[in-house]
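Residue-level listing of the chains:
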Amino acid sequence: MEQYFPYYIAALIVFVVGYTFFLIWRNNQKIKAFLAKHPDAARVKPQHVEWLIYRKSVQIQAVDRQTPIYFFCGLFSQGVYLSPGEHDLLVSFTKSRAGILYKRVTTTYDDVTIRITAEPNKQYRLRFDTASEQYLFEEA
């Protein structure tokens, strides 16, 4: 049994890599289909800041109560495509920092639905202002 252990590990690695490529391929197919249907789609990049000890990010969970079409806009961040017009975005905000008594202190703001208007072929930024605790949707 122990002599086959390296083969099990190798098979697991091959499976994980293959499944990852399958998920990337499937997402690219969704993007192509969406862009074929909406060639004038807008792009929204949510805020994502990561320093050595501090991190804050906005997550877009849903667009009009449906799973959004994601694209990668950095190593750790995903943006979404939007068709032109008004949309309801379900968003949340998380900030994290190094703590004194604990290893990390994380604050997560509840999910909020915001209504935005996207214009054709534009790029937008979605960020969270911690002072006013408001989401800001602005053209990039």
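Going by the structure above, here's the rest.
Residues numbered from 1 in each chain as written. Predicted model: local features only at pLDDT ≥ 70, side-chain atom pairs only at ≥ 80, totals over all residues. Heavy atoms only, no water.

Caption draft 1: Quick peek at the pairing of strand β7 (residues 104–118). Relative to β7, strand β6 (residues 85–98) is paired through 13 bridges, and the arrangement is antiparallel. Opposite Glu86, over in β7, you have Thr117 as the bridge partner. (Pairing = 2+ DSSP bridges. Helix = DSSP H or I, 4+ residues; strand = E, 2+ residues; numbered from the N terminus.)

Caption draft 2: Molecular detail of the pairing of strand β4 (residues 69–72). Along β4, the buried face is formed by Ile69 and Phe71; none of Tyr70 and Phe72, which line the opposite face, is buried. Adjacent in sequence and paired antiparallel, β4 and strand β5 (residues 78–82) are bridged by five residues, among which Gly74 carries a positive phi angle near 145°. (Buried < 20%, exposed > 50% of the residue type's maximum accessible area, 1.4 Å probe, protein only.)

Caption draft 3: A look at the sheet that holds strand β8 (residues 123–129). Strand order in the open sheet formed by five strands is β4-β5-β1-β8-β9, with mixed pairing between adjacent strands. At either margin of the open sheet sits one strand with a lone partner, and together these are β4 and β9 (134–139). Neighbour-to-neighbour, the strand axes of the sheet open up by a mean angle of 30°, direction not taken into account. Here strand β1 (residues 42–46) runs beside β8; their pairing, made up of four bridges, is parallel. Bridge pairing in β8 places Pro46 opposite Leu126. The strands touched by helix α1 (residues 5–37) within the sheet are β4 and β5, with β4 carrying the most contacts at an inclination of about 115°. (Axes fitted to C-alpha atoms, helices over the stretch in contact; angles between N-to-C directions. Contact = heavy atoms within 4.5 Å.)

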